[in-house]
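Analysis of the macromolecular model
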Amino acid sequence: MAAWNASRPFSNSLPPALPFQFAPRLYLHLFPLETPVMADTKRTPADPSAAGGSVPLTRDLRAAVAGPLARRLSPKYLAEHCLLPLEESGGAVVIAAGAPLDPSTLDELAWTYDRPVKLVEAPEAEIQAAIMSTAGSGSGLDVAALQGSEVEVVAEEEDAFDDVRALAAQAPVIKLVNVMILEALKARASDLHLESTPDGLRVRHRIDGVLHDVSRPPKTYQAAAISRLKIMANLNIAERRLPQDGRIRLRLSEREVDLRVSTVPSIHGESVVLRILDRGSRVLDLGELGMPKSVLESWRRIIARPHGIILVTGPTGSGKTTTLYAALDSINQPGVKIITIEDPVEYQLEGITQIPINRKAGLSFANALRSILRHDPDVLMVGEMRDPETAEIAIQSALTGHMVFSTLHTNDAAGGLARLVDMGVEPYLASATLEGILAQRLVRVVCEECAEPYQPPADELARAGVTGKDAKGSEFRRGRGCDACAGTGYRGRTGIYELMPMSDALRELVVSGAPLDRIRSVADAEGMSSLRADGYAKAARGVTTLEEVLRVTRDEVAP
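Below: a short report on this structure. (Residues numbered from 1 in each chain as written. Predicted model: local features only at pLDDT ≥ 70, side-chain atom pairs only at ≥ 80, totals over all residues. Heavy atoms only, no water.)

1. Considerations on the overall build of the protein
Here is the rule we go by: Strands here mean DSSP runs of E at least two residues long; helices mean DSSP runs of H or I at least four residues long; both are numbered from the N terminus. Between buried and exposed lies partly exposed: a residue is buried under 20% and exposed over 50% of the maximum accessible area for its type, with that area taken using a 1.4 Å probe on protein chains only. When checking whether two residues touch, look at their non-hydrogen atoms; a contact exists if any pair is within 4.5 Å. Using a 1.4 Å probe, the Shrake-Rupley method yields the accessible areas, and only the shown protein chains count as cover for residues.
Each helix and strand counted, the protein has 20 helices and 18 strands in total. In the protein, which comprises 559 residues, the share counted as buried stands at 48%. Look at the contacts in the protein between residues 6 or more apart in sequence, and 63% of them connect residues 24 or more apart. Of the roughly 27,600 Å² of accessible surface on the protein, 52% is carried by carbon and sulfur atoms.

Spelled out as structure tokens, the structure:
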């Protein structure tokens, strides 16, 4: 048997019978894991120095699958190990990997390519999608063999749904969809978006309220991936002309996750959005929501009252439900009966009766609210006042001695009064029952791993209604961008708040039909702090950035 020559680690003198026994691992381990590879996506940190001075590589992984390096390995091997050779660089072969590779696999790759291996990170779903897109593309058409054959034209509406169902049940499609969901959970995404485009699917994550491009699986698997999700959500895969809603419940080890699935038709196919609800998440305490001390004390006094209506306002995704859950949890006592009506029930609260809306069965907010009044509740929570009937029943409930919590979609606290009147509530009834209105937004928090001091530019200060002199003594911070925050400079969110307790002066203005500007002026004079003012206070303490505050309060005028 020929001896292995250490001075020639990839020598051809190694006998064929010993393919991987003496792989020189010291050459492999000289190359650490590098910056991520994002196909068809350019994503760089806020500060290049945060990534060690290197700029993330951009690769078309589908092109790499068809390249000479990838063709030296079977598609099955690539898929099994979730890797993809990209190029030769600096005497090494650069390989994208969706997960850490064990030493034996690294040794096999080194011997296969006769050179060291350099690993870069890439999304697992992107690698699998690229491999699948090429796995079945090798069977070209033999034009000569088709001469004389009849060609049948299939209309667009005559899609073979049985074939789509069969494709959706194939292992590669199932794995692709599973990886998409797992990557969304790993990234702390609140929503997973699958959007149909002319070139295939566009996959995006909403993280801390902002959408990020993740991957673009090929057109070949667009219908199959969407059909797989519809099957998991018990939706009709043959219906592509109408929106559908469903639900998927997953168990990952000891963790249970609910996925609210919504599909809509578009010109390039169906698009799907999955809202991710972690059933294992705990309800936050009121003190963890980020309320200023004065707002928190006033809010606690309002929710402890025996009857009336309390409203939380803000756009979709502003944390209204989280605030209501925290309020209910703080007053949840053995002597208090609490019933909620929600669409959907996002978190289960011990000791509270929670009712999910079921429109297919005819159970709406108004129907449920009318029925539960016979169950002798002390406190009611209506997920949202969407129509005049629900608002009227809520008003009557408050007048008969119940405390009612609910939400509205308005820009600020004073706007909640106008919204109630628009829904047909008489001003004198709104004045008699309302106890307080809380408006809120969510702002991203500066990443602690890469935070650094900075001074906001003069135009940002001017937009916030602050002068350079007023900003002296502030501790503004921003994130450079690092691996912990995926290069965004932010990690996590907190709330900014505007609380308007109903005083006698405000009640008189409501009854008299005073304009909103007048109501806001009186509320400000009584000590109400605006959303932007609370946001600026948090930016001045380094919790968030002034740019982020201006982004979420852009519908406000400067104070």
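So much for the structure itself; the text now carries on.
2. Description of unusual backbone geometry
The omega torsion across D343 and P344 is -5 degrees, close enough to zero to call that bond cis. You can see P344 is positioned in the loop between strand 11 (338-342) and strand 12 (353-356). Notably, R188 is not glycine yet its phi reads approximately 65 degrees, a positive angle. Tracing the chain through its elements places R188 in the loop between helix 8 (171-186) and strand 4 (191-197). What makes R188 partly exposed here is its relative accessible area of 34%.

3. Section: the pattern of salt bridges
Going by this rule: One speaks of a salt bridge when a side-chain nitrogen belonging to Lys or Arg is within 4 Å of a carboxyl oxygen belonging to Asp or Glu.
Taken as a whole and assessed by the stated rule, the structure comprises 25 salt bridges. Among the ionic pairs, D191 bridges to R275, the shortest N-O distance being 2.6 Å. One end of the pair, D191, is in strand 4; the other, R275, is in strand 9 (residues 269-278), with 84 residues separating them in the sequence. Judged by its relative accessible area of 7%, D191 is buried. Salt-bridge contacts for E435 lead to R507; the nearest nitrogen and oxygen are separated by 3.8 Å. In this pair, E435 sits in strand 15 (residues 434-446) while R507 sits in helix 17 (residues 504-511), placing the two residues 72 residues apart along the sequence. Each member of the pair, E435 as well as R507, carries the same accessibility label: buried. Overlapping salt bridges bring together E195, R202, R204 and D213 as one network.

4. Quick look at the pairing of strand 5 (residues 200-207)
For clarity, the cut-off: In this description, strands pair whenever DSSP reports at least two bridges between them.
A large share of strand 5 lies buried, amounting to 6 of its 8 residues. For strand 4 and strand 5, the ladder comprises 7 bridges, and the chain directions are antiparallel. By the bridge assignment for strand 5, L192 is matched with H205. Across 5 bridges, strand 5 lies against strand 6 (residues 210-215) in antiparallel orientation. Looking at the pairing, V203 lines up with S215 of strand 6.

5. Thoughts on the packing of helix 17 against helix 18 (residues 516-525)
Applicable threshold: In this analysis, axes come from line fits to C-alpha atoms, helices being fitted only over the stretch in contact, and the angle between any two N-to-C directions falls in the range 0 to 180 degrees. Reported orientations rely on four angle classes, namely roughly parallel under 35 degrees, roughly antiparallel over 145, roughly perpendicular from 65 to 115, and oblique for the rest. In this classification, Asp, Glu, Lys and Arg are treated as charged, Ala, Val, Leu, Ile, Met, Phe, Trp, Tyr, Cys and Pro as nonpolar, and every other residue, Gly included, as polar.
Between helix 17 and helix 18, whose axes approach to 10 Å, the crossing angle comes to 175 degrees. With respect to helix 18, the axis of helix 17 lies roughly antiparallel. Residue-level contacts link A505, L506, L509 and V510 of helix 17 to R518, I519, V522 and A523 of helix 18. Its residues assigned to classes, the contact of helix 17 with helix 18 comprises 7 nonpolar, no polar and 1 charged.

6. Here we look at the packing of helix 12 (residues 365-372) against helix 13 (residues 388-399)
Inclusion rule: Crossing handedness: left-handed means the near helix sits turned counterclockwise from the far one by under a right angle, and right-handed means the same turn made clockwise.
Running from N to C, helix 12 and helix 13 cross one another at 20 degrees; their axes reach a closest spacing of 8 Å. Here helix 12 lies roughly parallel to helix 13, going by the angle between them. Helix 12 and helix 13 meet at a crossing whose hand is left-handed. On helix 13, the residues touching F365, A366, L369 and R370 of helix 12 are E389, T390, I393, A394 and S397.

7. Some words on the sheet that holds strand 7 (residues 244-252)
Remark on secondary structure: sheet strands pair via backbone hydrogen bonds, oriented parallel or antiparallel. Across the sheet, 6 strands lie side by side as 6-5-4-9-8-7; this open sheet has antiparallel pairing. The open sheet is flanked by strand 6 and strand 7, the only strands paired with a single partner. Each neighbouring strand pair of the sheet contributes to a mean axis angle of 25 degrees, computed without reference to strand direction. Here helix 9 (residues 222-232) sits on the sheet and contacts strand 4, strand 5, strand 7, strand 8 (255-266) and strand 9; the angle it forms with strand 9, its principal contact strand, is near 45 degrees.

8. Examining helix 4 (residues 103-113)
To keep things clear, this is the line we draw: Distance and chemistry together define a polar contact, namely a pair of N or O atoms within 3.5 Å, with one atom able to donate a hydrogen and the other to accept it when in protein, and with adjacent residues in sequence counting only for side-chain atoms on both sides.
Among the residues making up helix 4, those that are buried are T105, L106, D107, L109, A110, W111 and Y113. For helix 4, the N-terminal cap is D102; the gap from its side-chain oxygen to the backbone nitrogen of T105 is 2.9 Å. Count one or two residues on from helix 4 and you reach D114, which has phi positive near 55 degrees.

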